Amino acid sequence: MRHIRTKVGVAGAALLTAAPLALSAPSATAASPVTAAARQATTAPTVEEQRLSQRVPQEILRRSGFSGVAGTFAGGLARVDSYGAAKRYVTEAGRGLWRRAVDRVQGRGPQGGDLSRDDDRPLYWARLGMTKALREWKPDFRLSANQRDALMGALERGSRGQDSIDLPVGHSKTRVLRVVVTGFDPFQLDADARRSNPSGAAALALDGTTVRTSSGRLARIETAVFPVRWADFAAGTVERTLLPYFRRGPRQVDLFTTISQGRPGRFDLERTNGAWRGGYPDNARESRTETVPVPKGVPTVRPQPQWTTTTLPYTQLTAASTGPFPVRDNTSVTEIPAGGSSPVERPDGPTPGSTARAGGGGDYLSNEIGYRATLLRDALKLKVPGGHLHTPVLQFGAGNTDPKTGEVTDPDFVRNRTTITGQVRSILTTALSVASGTMEK
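Residues numbered from 1 in each chain as written. Predicted model: local features only at pLDDT ≥ 70, side-chain atom pairs only at ≥ 80, totals over all residues. Heavy atoms only, no water.

J.: Which residues make up the sheet that holds strand β5 (residues 267-270), and what values go with them?
T.: Read across the sheet, seven strands follow the order β2-β3-β1-β4-β14-β5-β10 without closing on themselves; strand pairing throughout is mixed. This sheet does not close on itself; its edge strands, each paired only once, are β2 (209-212) and β10 (327-330). Here the strands of the sheet are splayed against their neighbours by 30° on average, with no regard to which way each runs. Here eight bridges tie strand β1 (residues 177-184) to strand β3 (residues 218-226), and the two strands are oriented parallel to one another. Bridged to Phe184 within β3 is Phe226. (Pairing = 2+ DSSP bridges. Helix = DSSP H or I, 4+ residues; strand = E, 2+ residues; numbered from the N terminus. Axes fitted to C-alpha atoms, helices over the stretch in contact; angles between N-to-C directions.)

J.: Just give me the short version of the packing of aromatic side chains, but keep the residues and values in it.
T.: Applying the stated rule across the entire model yields eleven aromatic pairs. Measuring from ring centre to ring centre gives 6.0 Å for Phe184 and Phe233, while their planes differ by 10°; the resulting arrangement is stacked. One end of the pair, Phe184, is in strand β1; the other, Phe233, is in helix α10 (residues 230-234), and 49 residues separate them in sequence. The class for Phe184 is buried, based on a relative accessible area of 1%. Residue Phe233 is classed as buried on the basis of its relative accessible area of 0%. When the centroid spacing of 5.5 Å and the interplanar angle of 75° are considered together, the rings of Trp230 and Tyr364 count as edge-to-face. (Phe/Tyr/Trp six-rings, centres within 6.5 Å; stacked < 30°, edge-to-face > 60°. Buried < 20%, exposed > 50% of the residue type's maximum accessible area, 1.4 Å probe, protein only.)

J.: Help me get a handle on empty space enclosed by the protein, residues and values and all.
T.: Approximately 60 Å³ is the volume attributed to the largest cavity. Looking at the largest cavity, the residues that line it are Asp120, Leu123, Tyr124, Arg127, Phe184, Asp185, Pro186, Gly200, Leu204 and Val225. Sorting the residues of the lining of the largest cavity by element identifies α7 (121-136) and α9 (198-206) as the ones contributing at least two each. Here the element with the most residues in the lining of the largest cavity is α7; it accounts for three residues. (1 Å grid on protein atoms, 1.4 Å probe; cavity = no way out; pocket = protein on both sides within 12 Å on 5 of 7 lines; lining within 4 Å. Points joined across faces, edges and corners; volume = space filled by probe spheres on them.)

J.: Can you tell me about the pairing of strand β14 (residues 386-391), naming the residues and giving the values?
T.: In terms of burial, β14 is a largely internal element, six of the six residues being buried. Sheet analysis places β5 next to β14, joined by three bridges and oriented antiparallel. In the strand pairing of β14, Leu269 is matched with Leu389.

J.: Break down the packing of helix α6 (residues 83-105) against helix α8 (residues 145-159) for me, citing the residues and quoting the values.
T.: It is the contact of α6 with α8, at a shortest axis distance of 6 Å, that shows an interaxial angle of 25°. Overall, the two elements α6 and α8 adopt an arrangement that is roughly parallel. In the packing of α6 onto α8, the handedness of the crossing is right-handed. Taking contact as the criterion, the partners of Tyr83, Ala86, Lys87, Val90, Thr91, Gly94, Arg95, Leu97 and Trp98 in α6 are, on α8, Gln147, Ala150, Leu151, Ala154, Leu155, Gly158 and Ser159. Here the residues of the contact of α6 with α8 sort into nine nonpolar, five polar and two charged. (Parallel < 35°, antiparallel > 145°, perpendicular 65-115°, else oblique. Left-handed = near helix turned anticlockwise from the far one by under 90°. Contact = heavy atoms within 4.5 Å. Nonpolar A, V, L, I, M, F, W, Y, C, P; charged D, E, K, R; others polar.)

J.: Before we move on, could you go through the sheet that holds strand β13 (residues 355-358) and cite the residues and values that matter?
T.: Read across the open sheet, the three strands follow the order β12-β11-β13; overall the sheet is antiparallel. Bordering the open sheet on either side are β12 (344-346) and β13, each of which pairs with just one other strand. The mean angle between the axes of side-by-side strands here comes to 40°, regardless of whether they run parallel or antiparallel. Judged from the three bridges that link them, strand β11 (residues 333-336) and β13 form a sheet pairing that is antiparallel. For Ile336, the partnering residue across the bridge sits in β13 and is Thr355.

J.: How would you summarise the environment of Arg88 if you had to cite specific residues and measurements?
T.: Its place among the elements puts Arg88 in helix α6. Judged by relative accessible area, which is 57%, Arg88 ranks as exposed. As a C-alpha pair, Arg88 and Leu151 span 63 residues in sequence and 9.3 Å in three-dimensional space.

J.: Now, about helix α11 (residues 237-246): what can you tell me, with residues and values included?
T.: Three or four residues apart is the spacing at which side chains of an α-helix point the same way, because the helix has 3.6 residues per turn. Within α11, eight of the ten residues are buried, which leaves it mostly tucked inside the rest of the structure. What α11 keeps buried is the set Thr237, Val238, Glu239, Thr241, Leu242, Leu243, Tyr245 and Phe246. Lining the buried residues of α11 we find β1, β3, α10, β4 (255-261) and α13 (365-379).

J.: Outline helix α5 (residues 69-78), supporting the account with residue identities and numerical values.
T.: Among all positions in α5, only Val69, Thr72, Phe73, Gly76 and Leu77 are buried. Around the axis of α5, the buried residues are gathered within 145° of arc, so they sit on the same side. (Arc of directions from axis to C-beta.)

J.: Run through the nonpolar core, naming residues and quoting values.
T.: Judged by nonpolar contacts, the single largest core of 41 residues is most densely connected at Phe73, Val90, Trp125, Leu134 and Trp137. Those elements that provide at least two residues to this core are α4 (55-64), α5, α6, α7, α8 and α9. In this structure, Val90 is in contact with Phe73, Leu77, Leu134, Leu151 and Leu155, ignoring residues within four places of it in sequence. In terms of nonpolar packing, the next biggest core, distinct from the first, is built from 24 residues, Phe187, Val253, Leu376 and Leu382 among them. (Core = buried A, V, L, I, M, F, W, Y, C linked by side-chain atoms within 4.5 Å.)

Next comes the structure, spelled out in structure tokens:
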């Protein structure tokens, strides 16, 4: 997810597959009187939810077995008779969707259709069906706008894996290493609603899995995905998710990597992240052009730095044979030099006193998640490898490039996605092998 405006050129599966939670229907005498204001507390569908009616999202849902998710969820909401019950139901439903998506990608349970298992798109579109149902829900009890927002937040966090990260506990040098990896939703869907995001696919494929380092140590990988929306980042979704595992304690990470889609044909290890939002529209068609806002109440560095730097072992990762795509150490940035007024490209990183206009990963949300994660790392004095990785662009086959007439999938598209996921796993294993060797010295 790379965009530089200033740069020249370049609840388990059963929850949502069978019956909803066993919640008793509200009785006529127990329900609170419903006022017109309460019934009018619903809001119109979001820009993302409006795309659901298009042919492509509906085909993806149908061909993955996820087409009934929103209806089942709405049916469960209809049985809820209090805000407390709603909160429990929505939280578990969100987590159930995440587990179902992970299970499908990792080969557990029925495939549910002819769409390949590695596909990240069913999760994205099914989640939007659920958020739309929750937005339109008219309960038989008073539900304030703040309460509905809280339910929406629980659904978002649960269905993205953000509140189910389960790292092993331990302090010994022989314990299982702990890794957190993040991906993103598909994006730029107005141009092509068929798009998938290889970072999200990798997150689903890696969640809860283990890899073995070159020295024989095991590492547990836990993942989450994030929305392509400026507002969510400003509200602290990244920091809220990562903070429990960046703090000192028995579940503190040994390595973390934020991942997004970048350039065609290559992986990029982004050496430097910049504190600048370039304004490119997000999935909600909103723009932000400003210094990256740090949310209140989270640890940070004062004054806010213009740049943060990766601590991933880029020298070893660029030299290692991790797969068919080259892995590059990307040192370029765009800055306004100290005392200057115009952006300048710097191939070798920022100069002292400069103001960020793009990190190596651009000025979009991929740069921003790298900046936020590494800024939080620095604020907490977390001494572990961490940074941002850009994957190659996921491309359709040569005869399937027109979004108006093209198919939602093809053999090249599937092969490209699975190859990228496999190389992400290999890159992580190599980084962990380097990190574990350092720990054992």
